[in-house]
Structure formats: C-alpha cells, structure tokens
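Residue strings, one per chain:
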Amino acid sequence: MTTINVRKVFVSITVIILVFFVAWYFSIMYFNNSPGLYRYTVDIRGLEDFTSGSVTDILVPLPQRNGQPVFSDDELQYKRFGNWTSLIVVTKDGKMLSFRTTGRNLTPIHAEFSKKYRDGTVIRNITQESLTPVLPLVHSEYSMLKAVPDPARDYSSIVYIPDTIRPLHSAGGTISVSLDLIAIEGMQHSVNGKVYTVQVSERFPPAVYNAIPVLVHISEGV
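Description of the structure in this document. This is a predicted model, so every value here is computed, not measured.

**A few points about the overall build of the chain**
Phase 1: If you tally the helices and strands in the chain, you get two helices and 17 strands.
Phase 2: In the chain, which comprises 222 residues, the proportion classed as buried is 40%.
Phase 3: Accessible surface for the chain amounts to roughly 12400 Å². Of this, 58% is attributable to carbon and sulfur atoms.

**So, the sheet that holds strand E5 (residues 68-69)**
Phase 1: Read across the open sheet, the three strands follow the order E5-E4-E10; overall the sheet is antiparallel. Each edge of the open sheet is held by one strand with a lone partner, namely E5 and strand E10 (131-132).
Phase 2: Of the pairings in the sheet, the one linking strand E4 (residues 62-65) to E10 comprises two bridges and is antiparallel in character. Paired with Pro63 across the strands is Leu131, a residue of E10.

**Topic: the environment of Ser176**
Phase 1: Tracing the sequence through the fold places Ser176 in strand E13 (residues 175-184).
Phase 2: Sequence separation between Ser176 and Ile44 is 132 residues, and the spatial gap between their C-alpha atoms is 5.6 Å.
Phase 3: Every residue in contact with Ser176, bar those within four places of it in the chain, is listed here: Asp43, Ile44, Arg45, Met144, Glu202 and Arg203.

What counts and what doesn't
Residues numbered from 1 in each chain as written. Predicted model: local features only at pLDDT ≥ 70, side-chain atom pairs only at ≥ 80, totals over all residues. Heavy atoms only, no water. Helix = DSSP H or I, 4+ residues; strand = E, 2+ residues; numbered from the N terminus. Buried < 20%, exposed > 50% of the residue type's maximum accessible area, 1.4 Å probe, protein only. Areas by Shrake-Rupley, 256 points an atom, 1.4 Å probe, with all protein chains shown as cover. Pairing = 2+ DSSP bridges. Contact = heavy atoms within 4.5 Å.

Don't take any of this as a statement about function, it's just geometry.
Right under this line is the structure:
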C-alpha cells in the first residue's frame, strides 16, 4: 500500500470517528433531560396544646404554575394526614388548601405533595408561580425567617387559624407554621433549569386567629 493510500485510509477513519463522536455528543445533549418538579410540604406544630369544637379547619396557600393550580383538586382532596383530612375550599381571596379534623384535641399536621413534569417546566415569574393567594407585601411580626424581605420578589399570603381553638393550659401556647415549596425547572438538552425555594415560617402566639397575613420569601436554590 502506497503512502498516499495509507494517508487516505487514515483520513477516512479519522472523519468517521469524528462524525460518530459529534453525533454521539449531540444525541446526549438532546436526550439528556430530567423532569421538572414541584414539592409542597406543610408543617404545623404546637396544635397538640390546643382543643377545639367538633370541626376544625386550618387553611394554607396553594401552589400555582402559569396562573393555574400545580395540583388538581383530586390530587389534593381527601388525603389523610394523621387526624387531618385535606380539602379544597373557596375563600374571598381564592382557593386555599384546608386541613380538617373532627377531633377536639388537636394534633400536629405534616403533609407533603409532589408532582413531576416529564417535559420540564419554565418558570417565568416565580412570584406569580409559587403560593397563592398573592397579596401586597406587609410586615409580619411573627415571621421566623432571618432573611430581609425583598420587595421585588417577596410578598404576603394568608394562613387561616380558626378562633374556635383554645389553649389546653392557662399559659397558652404557640402555633408554628412552616410551608416549603420547591420548584425545579428540570434539565432540557443537558441544560439545567432554575431551582426556587418558596418559604413561609411563622410562629403565632395565643389569640392570633382567623386570616393572618404571612411573609412569603423566595430564594434561588434549595
């Protein structure tokens, strides 16, 4: 085989390898995806120090995406969390998630909901795509979050604790409400999307009841 033929074979093999590598790389780039995710966790503590009437409803905000609820009514309603049952209720401020019990001696609430979006999700305005109802930012004297509120992103929402509950002890008791929403855009064509954490963390002293404004704090990352 002449030197020229050897060179032609070498060039041909190199081109084939290069084409294969490029095709493999772009196929990995195109197919390397992961789903978007919304995960909503509700923790309400201190309720064991209270008693109530025959029916008690505690209301918290609902996650929304693109102006619509993240979870369907069927995905949220009639789920059991200890002594509590989840329900969708309509208030003057819009739909909210209720936890209902018929026990007079109350117990803590811990609930978690999650939903994957196979094709990912694009979050264009996290303030409008997090927890609803969305209200103008007001000062919350009960917030346990250390971060300074950002008027450009943070806002207020509502937690409802009925005035039918009463402390079991004369010293009263506090109720802490922690809401955590993780919103993940996922990966599309090997490009990671954004991740947002939306938090409510409040501690209410005795006699702070009914519709209570709470601080909703938004940060990037988990």
